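Descriptive analysis of the structure
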Amino acid sequence: MSGDALQSATGAGRPTEGRTEQDQTPYLDAIVEYAERRPGRFHVPGHKGGHGADPAAIDALGQAAFDRDVPAGIEGIDVGADSPFQQAQRLAAKAWGARRSWFLINGASQGNHGTCLALRHAGKRVVVQRNAHSSTIDGIILAGLEPSFVAPELDAELGVAHCLTPESLAEALDRSPDAVAALTVSPTYFGAVADVTGLAEVCHDRNLPLVVDEAWGSHLRFSPLLPASALECDADLVLSSVHKLLVDRCVTLTESTSPSALLTASLDAARRHAAVHGTELLAETLAGVERARAEVQRIGGLEVLDERLVGRPGVHGWDPLRLSIDVRATGSTGTRLASLMRELDDINLELVSENVVVAALGMGENAARSAGRFAAAMRRAVEVLGAEPQLPKRPFTPPPPWGSLEAPPREAFFGPQEVVPFDEAVGRVAAESLAAYPPGIPNVLPGERLTQETVDYIHEVVEHGGWVRGAVDRSLRTIRVVSE
Ligand SMILES: Cc1ncc(COP(=O)(O)O)c(C=O)c1O
């Protein structure tokens, strides 16, 4: 089970301080205690501790999960003065060094939605990293924000996007003097970590908050062996000038009114585990990562991407829990390699692109043991690849500039629309998004005018085995555009 947390800026020390406090799980304890006292459950959920549940679901999930599945309105759990729910969020804030933390039962997506809604109270214009997660774009639509986009650094050699540099953020903010915040992403899917201190400085010099989507970096806080987390580098994440009740309301606006206690308890427990044992567990995992890297490196045709990339534009640090592997020298593609690993050994990867595949390792994972299985499967797949004809490869060309923003994304998304053949859409204003992979930077977002260059580029990527995300018609024969 998982959820996420939205943190607001900071000050507190490293999580090892106050360790006894971090050893507690008030929310988890409260739902266990409630179930154990066999209360009269005259409330939802209707399965009543499992009595009304399908036996196969109990078999799969365990009786305990049903016993502890309680609604959010129970006195002494979520409700009451200084409730276990409030205590658990406070402990999370302290663990991550934040002033305030919100448990997000609808995931990091809810954090991005809530953040955009909160920012809208400060103004309309925001500067946004072009390849922000789709939930940020959804947040922009929900909130009616007007984005000015800024491109992340493109690694033309690997065909992947890294992070935003402070220089390009500064230029973008200078071009948008009415901006009320900057929204960025770090780390990337591939493991690149941004110069968050530099980005924060650029924002703070202009009295603006920096929001960092650190959906992939919650572990960074817990090991001195890892790059510093965004909050340690002065990111704000939420508008410091917005009253906290407002952020509360924006977070709850996008959340179920009956959030799952099981998800909340899992966040409470995950926080304890990371705060109390994270440093030691991550040290073990990192030792295993070294072994995994060494084994993969010995396989001909593969190159592990690691800290040696630091210093390339947009790469300030590297997250080693992302085992990113450059497969170009195999003569094949990451997509083909990944499908062989799945077919031959049931190994499933986190992310696959034309040139790079990414395996995600987790805190506490016995990475040394997983490394053996992973490397063996990779070796086998590479051997099979060697016997196959080499795939024709298209040299990577950076995407053309995106079209002009003719209408705010919200207007394009909600306004009158029509469906037209993709090839006849040049000159029309898009009502949906298109992002060609690689490298996955959106080529078109709602409200932008489609250009001939963009349509040609998307065709070319698809003809060479790439794919496009975002369109309702996945075959890309048609696209939704604004009726004009
Ligand atoms: C950078 C980033 N932000 C936000 C999200 C959304 O997270 P969730 O799926 O937990 O809502 C993701 C998901 O992959 C992500 O990669």
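Think of each chain on its own: its residues are numbered from 1, step by step along the sequence as written. The predicted origin of the model limits local features to residues at a pLDDT of at least 70 and limits the giving and counting of side-chain atom pairs to 80 or more, whereas totals for whole chains, interfaces and linings rest on all residues.

Take the overall build of the protein chain next. Only DSSP runs of H or I reaching four residues or more are called helices, and only runs of E reaching two or more are called strands; each is numbered from the N terminus. Within the protein chain, the secondary structure is distributed over 15 helices and 19 strands. Seen through its principal axes, the protein chain has C-alpha atoms that stretch 65 × 55 × 50 Å. Throughout, a residue-residue contact means that the two C-beta atoms, derived from backbone geometry, are no farther apart than 7 Å. Long-range pairs, those at least 24 residues apart, make up 74% of the contacts in the protein chain between residues at least 6 apart in sequence.

Here the bounds of each domain stem from an automatic or database domain assignment. Assigned domains of the protein chain: these are domain 1 (4-263), domain 2 (283-386) and domain 3 (409-482). Each partner contributes to the interface: domain 1 provides twelve residues, whereas domain 3 provides eleven residues. For the side of domain 1 that touches domain 3, the secondary structure elements donating two or more residues are α7 (134-143) and β6 (160-161). Ranked by residue count, the leading element in the side of domain 1 that touches domain 3 is α7, at three residues.

It is worth spelling out the site of the ligand at this point. The local shell around the ligand consists of Asp4, Gly107, Ala108, Ser109, Asn112, His133, Ser135, Val185, Asp213 and Ala215. Here the shell around the ligand gets four residues from one element, more than from any other, and that element is helix α6 (residues 107-120). Here the residues of the shell around the ligand sort into three nonpolar, five polar and two charged. Nearness is defined per residue: the C-beta atom, placed using the backbone, must lie within 6 Å of the molecule or strand. Ten residues, namely Ala, Val, Leu, Ile, Met, Phe, Trp, Tyr, Cys and Pro, are considered nonpolar, four, namely Asp, Glu, Lys and Arg, are considered charged, and the remaining ones, Gly among them, are considered polar.

Moving on, we come to the packing of α6 against α7. Direction vectors running N to C along α6 and α7 enclose 35 degrees, while the axes themselves pass 8 Å from each other. Classified by chirality, the crossing of α7 by α6 is right-handed. Contacts between α6 and α7 involve Ala108, Ser109, Asn112, His113, Thr115, Cys116, Leu117, Leu119 and Arg120 from the former and Ser135, Thr136, Asp138, Gly139, Ile140, Leu142 and Ala143 from the latter. Looking at the contact of α6 with α7 residue by residue, the classes come out as seven nonpolar, seven polar and two charged. Angles here are taken between N-to-C directions and fall from 0 to 180 degrees, while the axes themselves are lines fitted to C-alpha atoms, restricted in helices to the stretch in contact. For any pair of crossing helices, the crossing counts as left-handed if the nearer helix is rotated counterclockwise from the farther one by less than a right angle, and right-handed if it is rotated clockwise.

The next subject is the sheet that holds strand β12 (residues 322-326). The strand order across the open sheet built from four strands is β10-β12-β14-β13, with neighbouring strands paired in antiparallel fashion. Each end of this open sheet is capped by a strand with a single partner; those strands are β10 (303-305) and β13 (351-352). Looking at chain direction, β10 and β12 are connected through three bridges and run antiparallel. Bridging across to β12, glutamate 303 finds its partner in aspartate 326. Against the sheet, helix α11 (residues 261-297) engages β10 and β12, with an angle of about 10 degrees to β12. Between any two strands, at least two bridges found by DSSP are needed for them to pair.

At a closest axis distance of 10 Å, the pairing of helix α5 (residues 84-96) and α11 adopts a crossing angle of 35 degrees. For the pair α5 and α11, the sense of crossing is left-handed. Contacts between α5 and α11 involve Phe85, Ala88, Leu91, Ala92 and Ala95 from the former and Thr264, Asp268, Arg271, Ala274 and Ala275 from the latter. Split into classes, the residues belonging to the contact of α5 with α11 amount to seven nonpolar, one polar and two charged.

It is worth spelling out the pairing of β12 at this point. Buried means a residue has 20 or more other C-beta atoms within 10 Å of its own C-beta, exposed means 12 or fewer, and partly exposed covers the counts in between; C-beta atoms are placed from the backbone. In terms of residue burial, β12 counts as a mostly covered element, since four of its five residues are buried. Pairing geometry for β12 and strand β14 (residues 356-360), over five bridges, is antiparallel. Across the sheet, arginine 322 pairs through a bridge with alanine 360, a residue of β14.

The subject of this paragraph is the sheet that holds strand β9 (residues 210-213). Strand order in the open sheet formed by four strands is β4-β3-β7-β9, and the pairing between neighbours is parallel. At either margin of the open sheet sits one strand with a lone partner, and together these are β4 (146-150) and β9. Neighbouring strand axes in the sheet, compared pairwise and without regard to direction, differ in orientation by 25 degrees on average. Bridging between strand β3 (residues 125-129) and β4 involves five bridges; their strand directions are parallel. Residue arginine 125 lies in a different strand from β4, and its bridge partner there is glutamate 146. Taken strand by strand, helix α8 (residues 166-175) contacts β3, β4 and β7 (182-185), and its axis lies near 145 degrees from that of β4. Taken strand by strand, helix α9 (residues 196-205) contacts β7 and β9, and its axis lies near 150 degrees from that of β9.

This brings us to helix α2 (residues 26-36). Among all positions in α2, only Pro26, Tyr27, Leu28, Ala30, Ile31 and Tyr34 are buried. Arginine 38 occupies a position one or two residues after α2 and carries a positive phi of about 50 degrees.

Glancing now at helix α13 (residues 367-386). Counting along an α-helix, one turn takes 3.6 residues, and residues three or four places apart therefore face a common direction. For α13, which comprises 20 residues, the first-to-last C-alpha distance of 27 Å matches the rise-based estimate of 28 Å (1.5 Å per residue) to within 8%. Ala367, Ser370, Ala371, Phe374, Ala375, Met378, Ala381 and Val382 are the residues of α13 that are buried. The buried residues of α13 all sit within an arc of 130 degrees when viewed along its axis, so they share a single face. Among the exposed residues of α13, those pointing more than 90 degrees away from its buried face are Arg369 and Arg373. Lining the buried residues of α13 we find α11, α12 (334-345) and β14. Helix span, expected: 1.5 Å multiplied by one less than the number of residues in the helix. This arc is taken over the directions from the axis of the helix to the C-beta atoms.

Once that is clear, we can look at the environment of arginine 99. Considering the arrangement of structural elements, one finds arginine 99 in strand β2 (residues 98-104). Through-space distance from the C-alpha of arginine 99 to that of serine 8 is 5.6 Å; in sequence the pair is 91 residues apart.

With an omega dihedral of 0 degrees, the bond running from valine 44 to proline 45 counts as a cis peptide bond. With respect to the helices and strands, proline 45 occurs in the loop between α2 and α3 (55-61). Cis peptide bonds are those with omega within 30 degrees of zero, and the linkage from serine 186 to proline 187 qualifies with -5 degrees. Its identity as a non-glycine residue notwithstanding, arginine 38 has a phi of 50 degrees, on the positive side. Structurally, arginine 38 is set in the loop between α2 and α3. Of note, aspartate 82 is a non-glycine position whose phi angle comes to about 40 degrees, a positive value. In this fold, aspartate 82 is placed in the loop between α4 (63-67) and α5.

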